[in-house]
Each structure stands twice: as structure tokens, then as C-alpha cells.
Amino acid sequence: MERVLNYIGGELVPAMGGQWLDKPEPATGALYALVPDSREADVQAAVEAAGRAFPAWAALPATERSRMLRRIAGLIHERLDAFARAESIDTGKPLAVARTVDIPRSVLNFEFFADAATQFSTEAHPMDGVALNYTLRAPLGVVGCISPWNLPLYLLTWKIAPALAAGNCVVAKPSEVTPMTAYLLSQVCRDAGLPPGVLNLVHGLGPHVGGPLTRHPDVSAISFTGSTRTGAEIARVAAPAFKKLSLEMGGKNPNVVFADCDFEDAVATTVRSSFSNQGQICLCGPRIFVQRPIYARFKEALVARTRALKVGDPLEAGTDQGALVSREHFEKVLGYLALAKQEGGHMLTGGQRAKVPGRCENGWFVEPTLVEGLSPSCRTNQEEIFGPVATLMPFDDEEEVLSWANSTRYGLAASVWTKDLTRAHRFASRLHSGIVWVNTWMLRDLRTPFGGVKESGVGREGGWDALRFFTEPKNVCIKL
């Protein structure tokens, strides 16, 4: 049985208390690994190691930090198959998805910020011959990065890479639900020659690791992706200590399809945006609003494509939908399916546990589900399910669907389908969303800021915004 280890001060070590957490494989329900049940002492050791490493790492020329990030990226790429298989087994997602999306994007995160580290510049503001102001941006010191279970390496590296590129040292807490690729990353960092203490990975439960990390007085900033409930707790603890915070949290994103859309493209992409990664992506669009003139036709086509999705063993070729990440989450999603029926919803397809024969007969699989007949204000349409469940609702005009789209407490992302460019601009500007896709979905430029509004979060990640978050500006004014 695999034993995951912490990565502290350049060494792979178990939790100091010698305690372990069980890690089952989602596709089978069987135990396959043990994870350190780390506590405050482990966090303290990691913060101290990061603090010791910080002066030398911050003083390293940006070109040298860039080379190190590229070395790490290269080793992940060389071991892509091993990383992809570990991600698939750990999360339950199809191996093909891990191989073509998760791991390549993790490589790109390091490569992108390796380039950005050498391009990050100061600003100058001359005062008409009187004085010259210039702004320096210095690394913060030791920073904390807390990442979720749905895209484990993808989102962990999305935080680590800019923090390291900017000259910080990192203590990161990967999700205890999906720890394996973080463990593989720690091995890559050792092989790449990353100086001890520059990156530290501490595994364990949120209250035992994330809590002490958030409270620690020597941690200058927290970058978090996860649930709104956890984000609120982090903000409550960190705010009195005046730590910098970046919180990317939940979403209940609308997918608005106008009658003048490119029909085939809208249907095909809606299947992706509803069920990719078993619906376990904060950017999925589980609330599908379709203008009434094409509603019946769109529904028929969407149901047919959804029924054609193959639910199966994540390690087998041809599997479209794998297992949900944990028994707890599996039961939560089934609970929402029951709630949808109680609220008057009609299951157009799916609606129950999926049976996968063979080695996966005890796995946590749920059929891709489309629900019709629910009001926009019901709990099913207001609360984040984070599973393969989407609702279908007709609308008549722009004002009506705008009010429904904006009716939740979230504001992370939205999709709009229309050939009317004027409408696209107008409608996108009025949506309460940090990002709006028009006639596409999940098309991401790493240079652009990413984040949500309302209860979907505060702060932005990506591009210069990430590097600005992980640095502190200092203005210097010189009288001429």
C-alpha cells in the first residue's frame, strides 16, 4: 500500500505524530493509500523551513528562478503518464482527461510563470522634472497555498508557480482527498534540485493543517481555492492578522442559450460544460436556460448526447464519465437528486447511481442527469451540487433570463450563446460573473485575471494579477 509523505525542508517525512488517514480509490471504494494526518507541529516545521530558505531564494536572480521552474515543468512532462495515472486513480476522473488536460496544464503553469518571472517589471512615474517615483515589487516571504480536490495538480501548481516565480517560499496544503500528484510533485522538486524549504507540502485535514497555516503569524498571505464555507472561515481567521487573501470559491453558473445560437456547437459544448470531470469543476454550467423557440429541439438533442456519455472505469479507454471523488461527495450528490424530485423536478435522463460492472462495482458513480420542471429559485437551482447534475429551463426574453442568471449568491462564471454581437456585449456586461464565455466554454488565457464576485470569492489569479498578489509594492520617490 502506498504511503504518501510530507515534503518539509527538502525531505520526505511522515507526520510527526505518526498518524495516517485512509485514502480509498473512488472507482472501487477500496483503500489504496495512506496519507499523513499532519498537525500544527508539522505546519510549524514547514513554516520554519520556508523561513530559512526565503532570503536566498528571494535574492536569486529571476532568470535562475525561471530556470528552476522550467526544470520542474520538464520533469513533470517526462513523467506525464505516471502523473496522469495517479491523478485518475486518486480522483476517479477518466485517464484520458488527466492525460490531456490536468497534467499538461500543470506543466504549462510552471512554464508560463517561468517566463513571467523574467518579464515582471517596475513602474516609473516622473513628476515633471521635480522628482521621479518608481515602484519596486518585493516577495512577501512565506505564503500559504490551499488547493482543492477536483483538479489537484492543475490548481495546486496554479498557486505554487507564481508564488515561487515572485521569490516567495511556499507552504502548501493539498487536499487530503486527492494527495497523490502533490506527493509526486515533491519527488520531482527533489530531483530538480529545488533548494530545501522553498516549497513545502503538508498533507492532512483542513482543521489540522489549513487552520494552523492560516493562523500562523509568519505566513504573510493565503491563496485558497475551495468551498465558500471554508473560504469564509479562512477570511474570519486571517482578516484580523491583516494577511493578504485570494479566495476562489463556489459557483452555480448559468449557461444562457439564445434562439439565434449556433445550435450544434451550443448543444455539444453544453454537454461538456455540464458534465466535464463529472460536473466537479467550479466553472461548469449546471443551470441551462434555453430560449423558448428552440427549447424543445435543444432539449431533445441535449438528452440524446447526455445519454450517449459512457460511464465506466476511469482507466479504460472510451470512458467519458468516471467516479465521484469520495463516498461523502457521492452521497451528497444523491441527496440533491432526491431533493430535485421533491421539488417537482422531472428526470429527463439519469437521476440515480450508475452501475459499473467488474472491478468498479462498488465505486461511486452517478449517472449524468438532466432535470426539467424546476423553478429558478428552488434549492436545486440555488445551491452548488458540484456533480453530474444540470437543470434545463426555458425563457422568453433577455430581462427574464438575466434576473434568473443573477439570482444566486454566487458569481464565478457564465456562458452565453448568441450570434448577435451587440446582445453578447450587452448581456455579458450585466451578468454578475467574474468571467463570461460567449459561444465557447473553458477557453482560458493564462494572462487574464481569474476569479469571482459575490460569494464566489475575492481577488484574482492568473497573469500579472497573480504576481502582484504574491508581491508587495514599495514606492520610492527621488527629488531631482
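Residues numbered from 1 in each chain as written. Predicted model: local features only at pLDDT ≥ 70, side-chain atom pairs only at ≥ 80, totals over all residues. Heavy atoms only, no water.

Looking at an unreviewed UniProt entry, the chain carries the name Aldehyde dehydrogenase, with the source organism given as Corallococcus llansteffanensis.

Caption draft 1: View of the sheet that holds strand E16 (residues 369-372). If you trace the 7 strands from one edge of the open sheet to the other, you get E15-E16-E17-E14-E13-E19-E20, paired in mixed fashion. Pairing within the sheet leaves two strands with one partner each, and these edge strands are strand E15 (346-349) and strand E20 (435-438). The average angle at which neighbouring strand axes cross in this sheet is 25°, direction not considered. For strand E14 (residues 287-291) and strand E17 (residues 389-395), the ladder comprises 5 bridges, and the chain directions are parallel. (Pairing = 2+ DSSP bridges. Helix = DSSP H or I, 4+ residues; strand = E, 2+ residues; numbered from the N terminus. Axes fitted to C-alpha atoms, helices over the stretch in contact; angles between N-to-C directions.)

Caption draft 2: Structural context of the UniProt feature "active site" (unreviewed entry) in the chain. If you check UniProt for "active site" (unreviewed entry), the listed places come out as Glu-248 in our numbering. On the secondary structure map, Glu-248 appears in strand E12 (residues 244-248). Look past the residues within four positions of Glu-248 in its chain and what remains in contact with it is Phe-224, Thr-225, Gly-226, Cys-282, Leu-412, Phe-450 and Ser-456. (UniProt positions renumbered as here; feature names shortened; annotations may be inferred. Contact = heavy atoms within 4.5 Å.)

Caption draft 3: Highlighting the nonpolar core. If you look at the biggest cluster of nonpolar residues, it comprises 83 residues, and the most contacted ones within it are Ile-72, Ile-160 and Leu-185. Ignoring any residue separated from it by four or fewer positions in sequence, one finds Ile-72 in contact with Phe-110, Leu-185, Val-188, Cys-189, Ala-192 and Leu-194. If you look at the next biggest cluster of nonpolar residues, it comprises 20 residues, including Ala-266, Ile-288, Val-303 and Leu-348. (Core = buried A, V, L, I, M, F, W, Y, C linked by side-chain atoms within 4.5 Å. Buried < 20%, exposed > 50% of the residue type's maximum accessible area, 1.4 Å probe, protein only.)

Caption draft 4: Representation of unusual backbone geometry in the model. A positive phi angle, close to 55°, is found at Asn-277, a residue other than glycine. A positive phi angle, near 60°, is found at Gln-278, a position not held by glycine. Within the secondary structure layout, Gln-278 lies in the loop between helix H9 (263-275) and E14. Classification of Gln-278 by relative accessible area gives buried; the value is 1%.

Caption draft 5: View of the packing of aromatic side chains. Inspection of the entire model under this criterion finds 10 aromatic pairs. An angle of 15° between the planes, with centres 5.6 Å apart, marks the rings of Phe-120 and Trp-464 as stacked. Of this pair, Phe-120 sits in the loop between helix H4 (95-119) and strand E6 (123-126) while Trp-464 sits in helix H15 (residues 463-469), placing them 344 residues apart in sequence. A ring pair is formed by Trp-149 and Phe-386, whose centres lie 5.4 Å apart and whose planes are at 80°; its orientation type is edge-to-face. Here the residue Trp-149 occupies a position in the loop between strand E8 (142-146) and helix H5 (152-165), and Phe-386 occupies one in the loop between helix H12 (379-382) and E17, the gap between them amounting to 237 residues. Each residue in the set Phe-112, Phe-113 and Trp-158 is aromatic and connected to the rest through ring pairs, giving one cluster. The ring of Trp-158 is capped by Arg-105, whose NZ or CZ atom sits 4.7 Å from the centre of that ring. (Phe/Tyr/Trp six-rings, centres within 6.5 Å; stacked < 30°, edge-to-face > 60°. Lys NZ or Arg CZ within 6 Å of the ring centre and 35° of its normal.)

Caption draft 6: Molecular detail of helix H13 (residues 398-405). Buried within H13 we find Glu-398, Val-401, Leu-402 and Ala-405. Taken around the axis of H13, the buried residues stretch over an arc of 105°, which confines them to a single face. Buried residues in H13 make contact with strand E13 (254-257), E14, E17 and helix H14 (421-430). The N-cap residue of H13 is Asp-397: its side-chain oxygen and the backbone nitrogen of Glu-399 are 3.3 Å apart. (Arc of directions from axis to C-beta. Polar contact = N/O pair within 3.5 Å; in protein donor to acceptor, adjacent residues only side chain to side chain.)

Caption draft 7: Up close: the UniProt feature "domain: Aldehyde dehydrogenase" (unreviewed entry) in the chain. The feature "domain: Aldehyde dehydrogenase" (unreviewed entry), as given by UniProt, occupies residues 21-476 in the numbering adopted here. Across residues 21-476 one finds 42% helix and 20% strand; the C-alpha atoms that close the span lie 50 Å apart.

Caption draft 8: Focus on the environment of Pro-148. Structurally, Pro-148 is set in the loop between E8 and H5. Sequence spacing of Pro-148 and Gly-344 is 196 residues, and the spatial spacing of their C-alpha atoms is 33 Å. Among all residues touching Pro-148, those that are not within four sequence positions of it are Leu-155, Ser-175, Thr-178, Thr-225 and Gly-226.

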